[in-house]
Amino acid sequence: MSSFCTRLDRTLVGAIPVLALTVTMAQGQAVPSDSAIRAILKERVDSGNAPAILVGILEKGHRRYVAYGSNGPTRPPVDEHTLFEIGSISKTFTGLLLADAVVRSEVRLDQPVSELLGAGGKVPSREGKAITLQLLSTHRSGLPRLPSNFAPANIADPYSDYDAKLLGQFLSSYALPRAPGDSAEYSNLGAGLLGYALALRAKTPSWGALVDRRITAPLGMRETFVVVPSALQNRVAVGHDERLDSVSAWHFDALAGAGALHSTAADMLVYLAAQLDTTSGPLRHAVALGRTPRADFAPGTRIALGWMIVGQPSQPMWWHGGATAGFRTFVAFDPARQLAVVVLANSANTIDDIGMHLLNPLTPLSKPIRPPRVAMTLPAAALDRFAGEYQLTPALVLIVARVGDALFARATGQPAFPLTASAANRFVYPAAGIEMVFDTSETGSVRQLTFRQGGGTIMVPALPPRAAVTLSTAALDRLVGAYPLTPALLLAITRDGDILYGQATGQPRFPLTATAANRFVFPLLGIEIVFDTSETGSARGLTFRQDSATLTAPRRP
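Attention now moves to the confidence of the model for the protein. Chain-level statistics for the protein give a pLDDT mean of 89 and a share of 93% at 70 or above. Within the model, the stretch residues 1–27 combines pLDDT values under 50 with 120 contacts to residues more than four positions away or in other chains.

Next comes the structure, spelled out in structure tokens:
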């Protein structure tokens, strides 16, 4: 399906933070020794979180590497020259390309991206405000995380067939839900569009060619590619999902600037060394411009051109994480201490806490969470009792709901993620190091939720259920039907008992809650459906909204 229900699949480049990272950098904290780092990696690998994890440390010009684990019996040992998919860390390269283009006087930060797309390029605007290059790099463009016509032919390689034609079709028809610059929303689409536009302006055949010309070649990075040369294929790490089953590699087309790069720990330390040097490096002027804070992104987090900035104002730290179906990656640098860290893993399970701990040993490590090889199967009724809303923080609500025979959760402003049952009331999401334990009463209703992530634990009560409207089965039946949202995307509305369900082409069905006679919601995915009804209450069509996307469809006769 489009971006609507692929939120239930692994089609995202980037980590899924549920609790905001809060980092208190302590002056004088020593970076752990190689033996201490190896012990951390050994525990994580031996716990089944990844086949291999590699750490690189750059401290006052000195480089060191620690690796633990294996890349398979037929491949070379994992070391600083092993190639990993680095996912969303690629966005920092796109930000540096933007800064470099500004230094070259090719573009301006406040320049509308439409000016880079040529005469035929149409880009949405709102309230007289255009989407600028800086807004794309700082995730404040108003564009959604993924385009509404994102419908991968192969969900195992989701970005490979999203080309320039599809990108142009989306941009020419999309209506922004808010004015550019009004607020932040992490957008793979926005970063990909920026990379595509910069490549067009530079007249290079691809974003990857531009990265090679303006970043990797000047810095002497010889192990960073979009397409890995055939001679180096035996050095490419094999990706694994949360259960350590091997997965397909990812490929990119028009949205390459969001997450297409492969790199090694050795090359990433070269890249981070450049980020620490604003006085003498070949890209020093672009680096200085690129790492300058531009806007607030989230509580406790500022954003530069692609980089997230956390820590105390007196000692900020720049960082970014990456995630594809089979890899998790982390990079960060602290100019005050001339310190940089890279962590690379060949599985989808989180390693962000390791990176943060290496920068500041006072930051706790997560307890390794390994999904059961055979997940516990619970009946629908048992899963339904956990459904509800839980107030994690004043600004962060966790929604839990059942979709088909599985439980999913979603935090405010973030994509939904699957939960795996390891006990009757215990669920895990190892990719983000999350564990949830539901405390139930004798009647089976949930009293509170214990939520663990990143070494932290909070206990929150279940919020009162949202007000719902009860409709007769006859009224629900008048809404049942097939609604073609696009030529390739059919939304089927069905009734089962006294509940209305939606189901899109190739996706599991989801329950709908009535908030009015013709309005239904599914909060887990941010879905709202409003039926256009006749005087008799029969549906003639519907409007489907999810997050910032809207589609209308007639009822098929």
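Attention now moves to the packing of helix α1 (residues 34–46) against helix α9 (residues 352–359). Interhelical geometry of α1 versus α9 gives an angle of 165° and a closest axis separation of 12 Å. Taken together, the axis directions place α1 and α9 in an arrangement best described as roughly antiparallel. In the packing of α1 onto α9, the handedness of the crossing is right-handed. The residues of α9 that touch α1, namely those facing I37, I40, L41 and R44, are D353, I354, H357 and L358. Residue composition of the contact of α1 with α9, by class: five nonpolar, one polar and two charged.

This part is about the sheet that holds strand β7 (residues 308–312). With respect to topology, eight strands assemble into an open sheet ordered β2-β1-β10-β9-β8-β7-β6-β5, the strand pairing being antiparallel. The sheet is open, and its two edges are formed by β2 (62–69) and β5 (295–298), each paired on a single side. When the angles between neighbouring strand axes are averaged without regard to direction, this sheet yields 25°. Across seven bridges, the pairing between strand β1 (residues 52–59) and strand β10 (residues 339–345) is antiparallel. Looking across to β10, one finds that I57 is bridged to V341.

Quick look at the packing of aromatic side chains now. In the structure shown here, the tally under the stated rule is 20 aromatic pairs. When the ring of F93 is compared with that of Y271, the centres are 4.0 Å apart and the planes differ by 5°; the resulting orientation is stacked. Taken together, the residues F93 in helix α2 (residues 90–103) and Y271 in helix α7 (residues 265–276) connect sequence positions 178 residues apart. Its relative accessible area of 0% is what places F93 among the buried residues. Under the relative-accessibility criterion, Y271 is labelled buried at 0%. Ring geometry for F386 and F427: centres 5.4 Å apart, planes at 75°, overall edge-to-face. Of the two residues, F386 is situated in the loop between α10 (380–384) and β11 (388–393) and F427 in strand β15 (residues 426–429); the sequence distance between them amounts to 41 residues. On the accessibility criterion, F386 (0% relative accessible area) is buried.

Cut-off values and rules
- Residues numbered from 1 in each chain as written.
- Predicted model: local features only at pLDDT ≥ 70, side-chain atom pairs only at ≥ 80, totals over all residues.
- Heavy atoms only, no water.
- pLDDT = per-residue confidence, 0-100.
- Contact = heavy atoms within 4.5 Å.
- Axes fitted to C-alpha atoms, helices over the stretch in contact; angles between N-to-C directions.
- Helix = DSSP H or I, 4+ residues; strand = E, 2+ residues; numbered from the N terminus.
- Parallel < 35°, antiparallel > 145°, perpendicular 65-115°, else oblique.
- Left-handed = near helix turned anticlockwise from the far one by under 90°.
- Nonpolar A, V, L, I, M, F, W, Y, C, P; charged D, E, K, R; others polar.
- Pairing = 2+ DSSP bridges.
- Phe/Tyr/Trp six-rings, centres within 6.5 Å; stacked < 30°, edge-to-face > 60°.
- Buried < 20%, exposed > 50% of the residue type's maximum accessible area, 1.4 Å probe, protein only.

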